[in-house]
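Results of the structural survey
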Amino acid sequence: MTSSNTPGLSRFNALEEAAATAALHEACASSAWGSKLLAQRPFAAVDALLVASDAAMAELTAEDLAEAMAGHPPIGRPKPGDPTSAREQRGMAGASEELKAELLELNLAYQEKFGHVFLICATGATAEFMLGQIKVRIDNDAEQEREIVRTELGKINRIRLNRLVEEGE
């Protein structure tokens, strides 16, 4: 990770507001998170963008988190035609049908309990790891799980923001 300005960051800083809003929405579906980042442009360094993202994530309400989670497909079912979703869930590619079925069953139970998809930073994670995590997290209470989701969303946002400012370099 670089702490200096990059061509991709300069490009992001120079985007018209509507284009920057759309780019941020691709990273995170929370409009509150995106608005907080937009208000702080231009960023002098990638690290400053990531710190701003973390701070905005920490301030999201339960409703803001729900909006952010609505932009994520269930684990094991990436959005068709969405390269970001497919890339992030690559760890599911080699999973057995049995593991996929168990994960789907637990996804449904999790969604029934918490009212939203099971959210985990899937980048680099194996299907077995994600299955283990859902088995542990399904026993959490709603408040515990909301804070874990906040942390996982923060990780996802950092990965997506890094990709955003690296594109076109």
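See above for the structure.
The structure reproduced in this document is the subject of the present report.

1. Examining the overall build of the protein
Looking only at helices and strands, the protein has 9 helices and 0 strands in total. Its helices and strands taken in sequence order, the protein reads α-α-α-α-α-α-α-α-α from the N to the C terminus. Expressed as a percentage of its 169 residues, the buried residues of the protein come to 44%. When contacts within the protein are restricted to residue pairs at least 6 apart in sequence, long-range pairs at least 24 apart make up 71% of them. Of the roughly 8,600 Å² of accessible surface on the protein, 54% is carried by carbon and sulfur atoms.

2. A short note on the environment of Thr 21
Mapped onto the elements of the fold, Thr 21 is located in helix α2 (residues 17-27). Exposure remark for Thr 21: the relative accessible area of 38% places this residue in the partly exposed category. Distance in space between the C-alpha atoms of Thr 21 and Ser 35 is 7.7 Å, their sequence separation being 14 residues.

3. Focus on α2
Buried within α2 we find Ala 20, Ala 23, Leu 24 and Ala 27. Each buried residue of α2 sits inside an arc of 95 degrees when the element is viewed along its axis, so together they form one side. Opposite the buried face of α2, at more than 90 degrees from it, the exposed residues are Ala 18 and Glu 26. As for α2, its buried residues are in contact with α1 (7-14), α3 (31-38) and α9 (142-166).

4. A closer look at the pattern of salt bridges
As a working rule, side chains carrying opposite charge can pair if their charged atoms are close by. Enumeration according to the criterion identifies 7 salt bridges in this entry. Across the pair Lys 100 and Glu 97 runs a salt bridge, and its minimum N-O distance is 3.8 Å. Of this pair, Lys 100 and Glu 97 both sit in helix α7 (residues 97-114), 3 residues apart, which is roughly one turn of the helix. In this structure, Lys 135 engages Glu 102 in a salt bridge whose closest nitrogen and oxygen atoms are separated by 3.1 Å. Of this pair, Lys 135 sits in helix α8 (residues 127-137) while Glu 102 sits in helix α7; the two residues are 33 residues apart in sequence, bridging distant segments of the chain. On the basis of relative accessibility, which here comes to 40%, the residue Lys 135 falls in the partly exposed class. According to the relative accessible area criterion, Glu 102 is partly exposed, its value standing at 30%.

5. Some points on the packing of aromatic side chains
Applying the stated criterion across every chain, the model contains 2 aromatic pairs. An angle of 80 degrees between the planes, with centres 5.3 Å apart, marks the rings of Tyr 110 and Phe 118 as edge-to-face. Grouped by ring-pair contacts, the aromatic residues Tyr 110, Phe 114 and Phe 118 constitute a single cluster. The ring of Phe 12 is capped by Arg 41, whose NZ or CZ atom sits 5.5 Å from the centre of that ring.

6. So, the nonpolar core
The biggest cluster of nonpolar side chains holds 47 residues, and the ones touching the most others in it are Trp 33 and Leu 161. Elements that contribute at least two residues to this core include exactly α1, α2, α3, α4 (46-58), α5 (62-69), α7, α8 and α9. When near neighbours in sequence (up to four residues on either side) are disregarded, Leu 161 contacts Leu 24, Ala 27, Trp 33, Leu 37, Leu 49, Leu 50 and Ser 53.

The rules we used
- Residues numbered from 1 in each chain as written.
- Predicted model: local features only at pLDDT ≥ 70, side-chain atom pairs only at ≥ 80, totals over all residues.
- Heavy atoms only, no water.
- Helix = DSSP H or I, 4+ residues; strand = E, 2+ residues; numbered from the N terminus.
- Buried < 20%, exposed > 50% of the residue type's maximum accessible area, 1.4 Å probe, protein only.
- Contact = heavy atoms within 4.5 Å.
- Areas by Shrake-Rupley, 256 points an atom, 1.4 Å probe, with all protein chains shown as cover.
- Arc of directions from axis to C-beta.
- Salt bridge = Lys/Arg side-chain N within 4 Å of Asp/Glu carboxyl O.
- Phe/Tyr/Trp six-rings, centres within 6.5 Å; stacked < 30°, edge-to-face > 60°.
- Lys NZ or Arg CZ within 6 Å of the ring centre and 35° of its normal.
- Core = buried A, V, L, I, M, F, W, Y, C linked by side-chain atoms within 4.5 Å.

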